[in-house]
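Here's the letter readout for the chains.
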Amino acid sequence: MIDIDFVRKQFPALERDFTYMDNAGGSQVLSKVAERISGYLLHHNVQLGASYKVSQEADKKLKYATSRISELLNASRDEEIVIGSSTTMLLRILSLTISKQWKKGDEVIVTNTDHEANVSPWMDLKDRGIEVRIWKVNKETLELELSDLRKLMNSRTKLVAVTHASNVLGTINPIKKIAKEVHKAGALICVDGVAYAPHRKVDVQELDADFYTFSWYKTYGPHLAVMYGKYSKLVKLDSLNHYFIGKKDVPYKLQPGNFNFELTYSTLGIIEYYGELYRHHFNSKAADFSEKLDKTFGLISSHEEKLASLLLEYLNSVPEIKIIGNPKPDSDLRVPTISFVHAKFKSNEIVEKVDDHRIGIRFGDFYAKILIQTLDLEEKNGVVRVSLVHYNSLQEVNRLIRVFKEIF
């Protein structure tokens, strides 16, 4: 059992008289993160690379932060970590650089379930003669079928862009299996992990992803993002930095204007928090960092499954409600990002009624516009989305259910 009181004390915003359930749009921030931002700005807000002591100290701090991010994702070397302002921007940078290696008639595959961050950068390549194919969701199961992907790939396929977990459906896609099929076809795989990383451990080597991105502001940190790329793939990309920054300057060539120093340093607070969760809940001291993460995220996913189970049990009991995604709470199949529509209400009408109770949920398409259009949900003004994370409590879910019962 997760110690929910211990967890919530790490997030000052949770002390307010407000129930926050819009976490897929951005999580609340750890106090450790805010402290590190403040500490860096007050004591090390200098340029890197100078000979004076404070600059050298700042350089060491940021190299250490990058090394811990590398360790968190199980990258093979620190140079595989690219820091940027957002997942959207990092994927745009990737599309601009990697497409220079492609020629007219080459193909990219995107899904109709993804957030636009991992769709638009690839769709826009049509103007340069790149063909874009759509891996369509099965409308009955609301899952992406591997058999459909195999039919789409051919000798011209250069890259498959897919989400690890849908920010609407909550569905976890089997990235390792997908990567195996993609590599068998001689292509690369680019994974949007934004909706997955707050909930589960990310091991890029285990997944065998060529590129993997997510945003720190959805994993309890600042407005910043990270992109992992296999070094052998990153080093081939052209530089988007100044003319004297060459191909071998990985990852700096993909970080024009450099990365944000104080925000990058603050990500240490997230990694330290995972360590504190482990120490607080487990007695074992012999485990290495990877094993600690396994146990920590096991604890998180177990609690989140309980939250999802409680909410889904209620929603499934209402005949007028349709779950948009897997209706089961199994943490192996979904994250607790739960979307639904109601037969008698538009989605905005439900959310606006909930607003009066100081509970934050949301309606809309969540930048997964193609998915909402595919499922004919535009006339509903999209879906109602309740997005939970491990700091949400069973009491909060019960409170939301009581409000829903008043509305329905």
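Scroll up for the structure.
Note that the structure is a prediction, hence the values are computed from the model and not measured.

About the cut-offs
Residues numbered from 1 in each chain as written. Predicted model: local features only at pLDDT ≥ 70, side-chain atom pairs only at ≥ 80, totals over all residues. Heavy atoms only, no water. Helix = DSSP H or I, 4+ residues; strand = E, 2+ residues; numbered from the N terminus. Expected span 1.5 Å × (residues − 1). Buried < 20%, exposed > 50% of the residue type's maximum accessible area, 1.4 Å probe, protein only. Arc of directions from axis to C-beta. Contact = heavy atoms within 4.5 Å. Phe/Tyr/Trp six-rings, centres within 6.5 Å; stacked < 30°, edge-to-face > 60°. Salt bridge = Lys/Arg side-chain N within 4 Å of Asp/Glu carboxyl O. Pairing = 2+ DSSP bridges. Axes fitted to C-alpha atoms, helices over the stretch in contact; angles between N-to-C directions.

J.: Would you take a moment to explain helix H2 (residues 31–43) for this structure?
T.: Think of an α-helix as turning once every 3.6 residues; residues three or four places apart then point the same way. Under the 1.5 Å per step criterion, the end-to-end length of H2 is 18 Å for 13 residues, consistent within 8% with the ideal 18 Å. Buried within H2 are the following residues: Val33, Arg36 and Tyr40. Summarising the axial view, the buried residues of H2 lie within an arc of 65°, below the 170-degree limit, and thus occupy one face. Opposite the buried face of H2, at more than 90 degrees from it, the exposed residues are Glu35, Leu42 and His43. Next to the buried residues of H2 lie helix H3 (53–73), helix H10 (261–266) and helix H11 (268–281).

J.: What's the story with the packing of aromatic side chains in this structure? I'm lost.
T.: When we look at a pair of aromatic rings, we describe it by the centre distance and by the angle of the planes. Applying the stated rule across the entire model yields 17 aromatic pairs. Between Phe11 and Tyr220 the ring centres are 5.7 Å apart and the planes differ by 75°, which places this aromatic pair in the edge-to-face class. In this pair, Phe11 is assigned in the loop between helix H1 (4–9) and strand E1 (19–20) and Tyr220 in the loop between strand E7 (211–215) and strand E8 (225–229), connecting sequence segments 209 residues apart. Judged by its relative accessible area of 0%, Phe11 falls in the buried class. Of the residues examined, Tyr220 reaches a relative accessible area of 0% and is grouped as buried. On the numbers, 6.4 Å between centres and 90° between planes, the contact of Phe340 with Phe408 is edge-to-face.

J.: How should I be thinking about the pattern of salt bridges in this particular structure?
T.: Oppositely charged side chains may form a pair once their charged atoms are brought near each other. Applying the stated criterion to the full structure yields 22 salt bridges. The residue Asp106 makes a salt bridge to Lys103 at a minimum N-O spacing of 3.8 Å. Across the pair Lys230 and Asp208 runs a salt bridge, and its minimum N-O distance is 2.7 Å. With Lys230 in the loop between E8 and helix H9 (231–234) and Asp208 in the loop between helix H8 (204–207) and E7, the pair connects residues that are 22 residues apart, well separated along the chain. Bridged by salt links that share partners, the residues Asp22, Arg362 and Arg385 form one connected network.

J.: Just to check I follow, could you spell out the sheet that holds strand E10 (residues 337–342) for this structure?
T.: What links the strands of a sheet is backbone hydrogen bonding, and the strands pair in either a parallel or an antiparallel sense. Read across the sheet, four strands follow the order E9-E10-E13-E12 without closing on themselves; strand pairing throughout is antiparallel. Of all strands in the sheet, those bounded by a partner on one side alone are strand E9 (321–323) and strand E12 (362–364). When the angles between neighbouring strand axes are averaged without regard to direction, this sheet yields 35°. In the sheet, E12 pairs with strand E13 (residues 383–387) via three bridges, with the strands oriented antiparallel. Opposite Arg362, over in E13, you have Arg385 as the bridge partner.

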